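Summary of the model geometry
Residue-level listing of the chains:
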Amino acid sequence: MFLDSDLLMSALRALTPILLAALGGAVCERAGVFNIGLEGMMLMGCFTSVATSWFTGSAWLGVLAAALAAAAYSLILAVGAVTLGGDAVVLGVAMNLLAVGLTGFLLRTVFGVQGTFDDPSLTGLPLAGGFTPLTYLSWAAVAVAAVLLSRHVWGLRLRGVGEAPDAAATLGVSPARYKYAAVLVSGVLCGLAGAQLALGNVTLFTENMTAGRGWIAVVAVMLGRAVPVGVLLAALLFGLAEAAGFRLQGLGLPQQATDAAPYVVTLGALFLTTARRRRRTPTPSGAAS
């Protein structure tokens, strides 16, 4: 059978990195910062987690280092977009490109290899019930984010900063401080996503191993309208597509076709969502038919 429990387990494992990164993007979106640098932050988390785990022998130190490294890397976006008033989209694209080149350079400098670093002594994350602790953390993060953004004063102020920063400033709320906090939170979550991908889903590092998952996370934020539960459902859709791609590959389909499955689903979901929103948009009175 094509649809079975193994496919669901695979989908949930594939879901975790996308969900963690998408939650970070959702927090930024609520603060009024459009963060498309999720891919680069994830990739920095991947490399840092593997390097730290290999040097220290501790996967958990690798996870911690990944979160800190990605948070530090996210400061490029925070300083450039919030303090200097630069274009967040341009900065995000630059961060993604820089991360690919930087991690490839560090791979050759630190490990003396090109392409892939895979060592039997590399320590991966432990499994509990078929999942790593970061998988359970990602599910808990959805609930925590939902409560914070809808009920907690911090989340309400964050939304106010994103929707009406000038009004929030008149109430004594610092828009810059909340935007910085949102970008740093997204960096931490992307670092955890990278650690899950490199030490949980696999136990290695390969150049550009995020392979567009950060971009899929950006789409999940858009489809879920930056609402944690909506982001979860959108990320689950892409996780199912990735798991189905692996299953189809096992049934004999070409790898190139199966690898494209998540991105085909991404394009289809964007097309359907955009078309439905356009149908719901009222036509201005007096417009020509």
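To keep things clear, this report deals only with the structure shown in the data block. None of the values given here were measured: they were computed from a predicted structure.

A short note on the overall build of the chain
- In terms of helices and strands, the chain carries 12 helices and 2 strands.
- At 20 Å, the chain has a C-alpha radius of gyration in line with the 19 Å of a compact globule built from 289 residues.
- Reported as C-alpha extents along the three principal axes, the dimensions of the chain are approximately 65 × 45 × 35 Å.
- For the chain, buried positions account for 45% of its 289 residues.
- Summarising the internal contacts of the chain: among those between residues at least 6 apart in sequence, 77% fall at separations of at least 24.
- For the chain, the computed accessible surface area is about 13,700 Å², with 67% contributed by carbon and sulfur atoms.
- Considering the chain, the positive charge centre built from 16 side chains and the negative charge centre built from 12 side chains are found 14 Å apart.

Some remarks on empty space enclosed by the protein
- This model, assessed by the stated rule, comprises 1 cavity of 30 Å³ or more.
- The space that makes up the largest cavity amounts to roughly 30 Å³.
- Considering the residues around the largest cavity, the lining is formed by Gly25, Glu29, Phe34, Asn35, Val218 and Val221.
- Counting only elements with at least two residues in the lining of the largest cavity, the list comes to helix H1 (5–30) and helix H9 (213–223).

Considering the packing of aromatic side chains
- What the rule picks out here adds up to 11 aromatic pairs.
- Ring geometry for Trp54 versus Phe117: centroids 5.6 Å apart, planes at 85°, classification edge-to-face. Residue Trp54 is located in helix H2 (residues 38–56), and its partner Phe117 is located in strand E1 (residues 116–117); the two are separated by 63 residues in the primary sequence.
- Plain terms: the ring middles of Phe55 and Phe111 are 6.3 Å apart, the flat faces sit at 20° to each other, and that makes the pair stacked.

Section: the nonpolar core
- Judged by nonpolar contacts, the single largest core of 65 residues is most densely connected at Leu77 and Phe205.
- Elements supplying a minimum of two residues to this core: H1, H2, helix H3 (59–83), helix H4 (88–111), helix H5 (133–150), helix H8 (175–201), H9 and helix H10 (228–250).
- A total of 10 residues in this core trace back to one element, the largest contributor, which is H1.
- Every residue in contact with Leu77, bar those within four places of it in the chain, is listed here: Val33, Asn35, Met41, Val82, Ala88, Leu91, Met95 and Val183.
- Of all hydrophobic cores here, the second largest spans 9 residues; its members include Ala31, Leu149, Val161 and Val173.

Describing the packing of H3 against H8
- Across the interface, H3 lies against H8 with an axial gap of 7 Å and an inter-helix angle of 145°. Seen along the crossing, H3 lies across H8 with a hand that is right-handed.
- Across the contact of H3 with H8, the residue classes tally to 20 nonpolar, 4 polar and 1 charged.

Topic: H9
- Within H9, 8 of the 11 residues are buried, which leaves it mostly tucked inside the rest of the structure.
- Those residues of H9 lying buried are Arg213, Gly214, Ile216, Ala217, Val218, Val219, Ala220 and Val221.

Focus: the layout of surface pockets
- In this structure, the second largest pocket encloses a volume near 250 Å³.
- Lining the second largest pocket are 13 residues, and of these Ala141, Val144, Ala145, Val185 and Leu189 sit closest to its centre.
- Going through the elements one at a time, H1, H5 and H8 are the ones with two or more residues in the lining of the second largest pocket.
- At 7 residues, H5 tops the list of elements feeding residues into the lining of the second largest pocket.
- Here the residues of the lining of the second largest pocket are counted per class, giving 13 nonpolar, no polar and no charged.

Conventions used here
- Residues numbered from 1 in each chain as written.
- Predicted model: local features only at pLDDT ≥ 70, side-chain atom pairs only at ≥ 80, totals over all residues.
- Heavy atoms only, no water.
- Helix = DSSP H or I, 4+ residues; strand = E, 2+ residues; numbered from the N terminus.
- Rg over C-alpha atoms; globule rule 2.2 N^0.38 Å.
- Buried < 20%, exposed > 50% of the residue type's maximum accessible area, 1.4 Å probe, protein only.
- Contact = heavy atoms within 4.5 Å.
- Areas by Shrake-Rupley, 256 points an atom, 1.4 Å probe, with all protein chains shown as cover.
- Lys, Arg positive; Asp, Glu negative; His and termini not counted.
- Charge placed at Lys NZ, Arg CZ, Asp CG, Glu CD.
- 1 Å grid on protein atoms, 1.4 Å probe; cavity = no way out; pocket = protein on both sides within 12 Å on 5 of 7 lines; lining within 4 Å.
- Points joined across faces, edges and corners; volume = space filled by probe spheres on them.
- Phe/Tyr/Trp six-rings, centres within 6.5 Å; stacked < 30°, edge-to-face > 60°.
- Core = buried A, V, L, I, M, F, W, Y, C linked by side-chain atoms within 4.5 Å.
- Axes fitted to C-alpha atoms, helices over the stretch in contact; angles between N-to-C directions.
- Left-handed = near helix turned anticlockwise from the far one by under 90°.
- Nonpolar A, V, L, I, M, F, W, Y, C, P; charged D, E, K, R; others polar.

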